[in-house]
Amino acid sequence: MFKSWWPRLRRVLVAGMLVWVPVGITVLVLQLLIDLADQTLRLIPEPYRPEALLGFPIPGLGLVLSLVLLFVTGLVAANVFGRRIIGLWESVLRRIPLVRTIYTAAKGFLEMVLSGKRGSFSRVLLIEYPRRGIYCIAFQTSSTVGQLAEHTPDSVCVFVPTTPNPTSGFLVVAPRKDLIELDMSVEDAIKLVVSVGVVVPDPDNLPRVDAGAGASEA
């Protein structure tokens with residue numbers, strides 16, 4: 001009897017999990033982000049914090065303060081005087097060995113993703129790795145210049161992200177003829193990487209992989 005109704009019960013339980021588990025994960029992630037943003041309230045002197053003035057904390061107030069702080073920082077960084085101050089601050093950070101490595105990598109990645117410059121994460125590609133016949137998702141970051149172009153003509157720099165954390169990965173200098181360009185947005189490709197291949201955007205629209213197909217010119 002147990003064997004007869006267990007498959008149906010299992011389907012019902014799985015259907016319920018598919019509804020509530022993503023909601024729970026979303027709530028937890030948002031709660032984590034709000035809690036992290038609330039840490040900016042520590043910038044306010046303790047006697048003037050909401051919990052001290054009102055007697056109770058206000059959830060999410062740190063998020064508002066973080067947005068205001070980002071806006072003000074952006075205004076300062078957008079003018080000449082602010083750029084000089086930030087330049088001095090970055091020169092100090094780049095003199096500290098461990099901090100220099102982390103800061104430079106983090107800033108370079110964000111500039112590459114958010115700048116919108118031509119060539120920075122401009123195309124989603126397939127690259128054969130770790131051997132022939134096996135493909136990885138990659139992003140074109142730039143065309144090769146300088147010494148790279150001298151030694152590897154007609155090649156591009158591509159970033160191969162790791163799963164499920166697309167902010168880590170490695171740089172590959174690859175010939176254009178060995179790359180396959182996908183008709184996929186960067187956002188959809190990142191979803192594919194983060195979901196370890198579970199979330200596949202519009203699979204019917206992905207181009208068929210041909211051995212001789214190469215990435216088009218940037």
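These numbers were taken from a predicted model, which means no experiment stands behind them.

Q: Please set out the overall build of the protein residue by residue, giving values where relevant.
A: Broken down by element type, the protein carries 7 helices and 5 strands. Along its sequence from the N terminus, the protein presents helices and strands in the succession α-α-α-α-α-β-β-α-β-β-β-α. When the 218 residues of the protein are sorted by exposure, 22% land in the buried category. For the protein, the share of sequence-separated contacts (at least 6 apart) that also reach a separation of at least 24 residues comes to 43%.

Q: Which residues make up the environment of Leu179, and what values go with them?
A: Within the fold, Leu179 resides in strand 5 (residues 179–182). Judged by its relative accessible area of 0%, Leu179 falls in the buried class. Considered as a pair, Leu179 and Val158 are 21 residues apart in the sequence and their alpha carbons are 9.6 Å apart.

Q: An account of the nonpolar core is needed here, citing residue identities and associated values.
A: Among the nonpolar cores identified, the biggest contains 13 residues, and Val124, Ile137, Phe139, Leu182 and Ala189 are the most heavily contacted of them. Put simply, the parts of the chain that give this core at least two residues each are strand 1 (123–128), strand 2 (135–143), strand 5 and helix 7 (186–194). Element by element, the count of residues in this core is highest for helix 7, at 4 residues. Not counting residues within four places of it along the chain, the set of residues in contact with Ile137 comprises Val124, Leu125, Leu126, Val160, Pro161, Leu182, Ala189, Leu192 and Val193. Residues Ala138, Val158, Val160 and Ala174 belong to the second largest nonpolar core, which totals 9 residues.

Q: Which residues make up helix 7, and what are the values?
A: Residues of helix 7 that are buried: Val186, Ala189, Leu192 and Val193. On an axial view of helix 7, the arc spanned by its buried residues comes to 120°, and they lie on one face. In the core, the buried residues of helix 7 are packed alongside strand 1, strand 2 and strand 3 (155–161). Following helix 7 by one or two positions, Val196 adopts a phi angle in the positive range, close to 50°.

What counts and what doesn't
Residues numbered from 1 in each chain as written. Predicted model: local features only at pLDDT ≥ 70, side-chain atom pairs only at ≥ 80, totals over all residues. Heavy atoms only, no water. Helix = DSSP H or I, 4+ residues; strand = E, 2+ residues; numbered from the N terminus. Buried < 20%, exposed > 50% of the residue type's maximum accessible area, 1.4 Å probe, protein only. Contact = heavy atoms within 4.5 Å. Core = buried A, V, L, I, M, F, W, Y, C linked by side-chain atoms within 4.5 Å. Arc of directions from axis to C-beta.

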